[in-house]
Amino acid sequence: MKNKLLMILFIILLVLTSCTSNNNEITVNSENETEVIKNENEEIHEDESIEETVVDPENKEQQKEELKEGSEEQTEEDDEEKDATQDEKSIKDNTEESNKKEEADQSENKQDENIEQGVALKIQGLIENEISFNLNELKEMNDLIFEADFYSLNSFGTTGYTHFKGVNLWKLLEVSEISHEAAAITVIAQDGYKMTFTVEQVKKQDYIDETNPDVKYPMIIAWEEKGVEYDPEEGSPFKLVVGQKEAGDVNKPNWVSNIDRIVIE
Ligand SMILES: Nc1nc2c(c(=O)[nH]1)N[C@H]1C(S)=C(S)[C@@H](COP(=O)(O)O)O[C@H]1N2
Ligand SMILES: [Mo]
């Protein structure tokens, strides 16, 4: 009778242990029985903790989004500035990308040619002879050279002073025999950025610096910034620089970097 009971117990244990997918050795003693139950509980706990880690990132994402929404109003102004800067940057990035692509397609000789061409400042349109100045030719125009610390104000209120050296644009157009019919002058950069001025605006020799009443500046085509010449391998080495028309004038957007050509209409 006792043996029969033991036998039945043994079978029950066997069935129980085969139901659990444990790697535990199946030995028949009471100690192991409790172990199996313990392992089952651990499995449940493990499942719970897995669920927790799955759910957790979602909660964090939600929390982050709630935080973002809360502070959006406060940072709207900052974001505007960032967006605008990013737009400007992406225009530059796109040009950089397409420049790289082009470069890859070209032979070394062709690249050198392009750099050579980039050093020339082209003036086209209503001018006696469509003309192209290279850097050395411009540097020899002693009477036309102008240098100064130009004050800049951009659309976000950022201000600064930058030393530029270059050639007086109006005087350059005069020696190039600009037509009397000319009305507009457009300065076009390699990235497509351009600024159009009236002849009167380019003729004007008394642009101001709102922080310094003693100075009056012409519009210049600079080849040197902060005492360093632009590197032709980083784009056309010419930059249009102009002071302010009046106090508060946001003049920095007028500074056209990497000038490809000047078109007179
Ligand atoms: N070629 C080129 N020149 C440009 C621009 C541009 O996108 N491309 N952005 C203009 C604007 S809007 C500003 S505020 C100044 C920024 O000059 P920085 O890049 O030296 O700060 O460059 C101006 N000249
Ligand atoms: Mo700008």
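Since the structure is predicted, the reported quantities are computational estimates derived from the model, not experimental observations.

## Remarks on the overall build of the protein chain
Working step 1: If you tally the helices and strands in the protein chain, you get seven helices and twelve strands.
Working step 2: Sorting the 265 residues of the protein chain into buried and exposed places 29% on the buried side.
Working step 3: Excluding contacts between residues fewer than 6 apart, the proportion of contacts in the protein chain whose partners are at least 24 apart in sequence is 57%.
Working step 4: As presented, the protein chain carries roughly 18,200 Å² of accessible surface, and 48% of it is formed by carbon and sulfur atoms.

## Brief notes about the sheet that holds strand β12 (residues 259-264)
Working step 1: Strand order in the open sheet made by the five strands is β2-β1-β12-β5-β6, with mixed pairing throughout. If you trace the sheet from one side to the other, it starts and ends with β2 (131-133) and β6 (194-198), each paired once. On average, each strand axis in the sheet is tilted by 20° relative to the strand beside it, whichever way the strands run.
Working step 2: Here strand β1 (residues 121-125) pairs with β2 via three bridges, running antiparallel. By the bridge assignment for β2, Leu-121 is matched with Phe-133.

## Some points on the site of ligand 1
Working step 1: Inspection of the region around ligand 1 gives ten residues, with Ala-189, Asp-191, Lys-252, Trp-255 and Ser-257 positioned closest.
Working step 2: Backbone polar atom of Trp-255 to a nitrogen atom of ligand 1: 2.4 Å apart, as the coordinates give it.
Working step 3: Protein coverage of the free-state accessible area of ligand 1, which is 530 Å², stands at 79%.
Working step 4: Classifying every residue of the shell around ligand 1 gives five nonpolar, one polar and four charged.

## Focus: the packing of aromatic side chains
Working step 1: For the structure shown, the criterion picks out six aromatic pairs.
Working step 2: Centroid distance Phe-146 to Tyr-217: 5.7 Å. Interplanar angle 70°. Geometry classified as edge-to-face. Highlighted residues: Phe-146 in strand β3 (residues 145-153) and Tyr-217 in strand β8 (residues 212-217), separated in sequence by 71 residues.
Working step 3: Relative to Trp-255, the ring of Phe-164 lies with its centre 5.2 Å away and its plane at 90°, an arrangement referred to as edge-to-face. Taken as a pair, Phe-164 in strand β4 (residues 159-168) and Trp-255 in the loop between β11 (239-241) and β12 lie far apart in primary sequence, 91 residues in all. The residues Phe-164 and Trp-255 share a single accessibility class, namely buried.
Working step 4: Of note, Lys-204 hangs over the ring of Tyr-207, and the distance from its end group to the ring centre comes to 5.1 Å.

## Quick notes on the pattern of salt bridges
Working step 1: Evaluation of the coordinates by the stated rule reveals seven salt bridges.
Working step 2: Where Glu-225 meets Lys-239, a salt bridge forms, and the shortest distance between an N and an O atom there is 3.3 Å. With Glu-225 in strand β9 (residues 220-225) and Lys-239 in strand β11, this residue pair connects regions lying 14 residues apart in the sequence. Judged on exposure class, the residue Glu-225 and its partner Lys-239 are both buried.
Working step 3: Arg-261 is the salt-bridge partner of Asp-260, the closest N and O atoms lying 2.8 Å from each other.
Working step 4: Judged by relative accessible area, which is 28%, Arg-261 ranks as partly exposed.
Working step 5: Each member of the salt-bridge network shares a partner with another, and the members are Lys-122, Asp-260 and Arg-261.

## Considerations on the confidence of the model for the protein chain
Working step 1: For the protein chain, the average pLDDT comes to 73, and 55% of its residues sit at 70 or higher.
Working step 2: Across the protein chain, element-level confidence peaks in β11 with a mean pLDDT of 99 and bottoms out in helix α2 (residues 30-72) with 38.

## As for the nonpolar core
Burial of nonpolar side chains together is a common tendency in soluble globular proteins.
Working step 1: Counting residues in each nonpolar core, the largest one holds 43 residues, and the members touching the most others are Leu-138, Leu-172, Leu-173, Ile-221, Leu-240, Ile-259 and Ile-262.
Working step 2: When neighbours within four sequence positions are excluded, Leu-172 is seen to be in contact with Leu-121, Ile-123, Phe-133, Leu-138, Met-141, Leu-144 and Val-167.

## Comments concerning the pairing of β12
Working step 1: In terms of burial, β12 is a largely internal element, five of the six residues being buried.
Working step 2: The pairing of β1 with β12 spans four bridges and is parallel. For Gln-124, the partnering residue across the bridge sits in β12 and is Val-263.
Working step 3: As defined by bridge partners, strand β5 (residues 184-189) adjoins β12 across five bridges and the pair is classed as antiparallel. If you follow Ile-185 over to β12, its bridge partner there is Ile-264.

Thresholds, definitions, all that
- Residues numbered from 1 in each chain as written.
- Chains lettered and ligands numbered in written order.
- Predicted model: local features only at pLDDT ≥ 70, side-chain atom pairs only at ≥ 80, totals over all residues.
- Heavy atoms only, no water.
- Helix = DSSP H or I, 4+ residues; strand = E, 2+ residues; numbered from the N terminus.
- Buried < 20%, exposed > 50% of the residue type's maximum accessible area, 1.4 Å probe, protein only.
- Contact = heavy atoms within 4.5 Å.
- Areas by Shrake-Rupley, 256 points an atom, 1.4 Å probe, with all protein chains shown as cover.
- Pairing = 2+ DSSP bridges.
- Axes fitted to C-alpha atoms, helices over the stretch in contact; angles between N-to-C directions.
- Near = heavy atom within 4 Å.
- Polar contact = N/O pair within 3.5 Å; in protein donor to acceptor, adjacent residues only side chain to side chain.
- Nonpolar A, V, L, I, M, F, W, Y, C, P; charged D, E, K, R; others polar.
- Phe/Tyr/Trp six-rings, centres within 6.5 Å; stacked < 30°, edge-to-face > 60°.
- Lys NZ or Arg CZ within 6 Å of the ring centre and 35° of its normal.
- Salt bridge = Lys/Arg side-chain N within 4 Å of Asp/Glu carboxyl O.
- pLDDT = per-residue confidence, 0-100.
- Core = buried A, V, L, I, M, F, W, Y, C linked by side-chain atoms within 4.5 Å.

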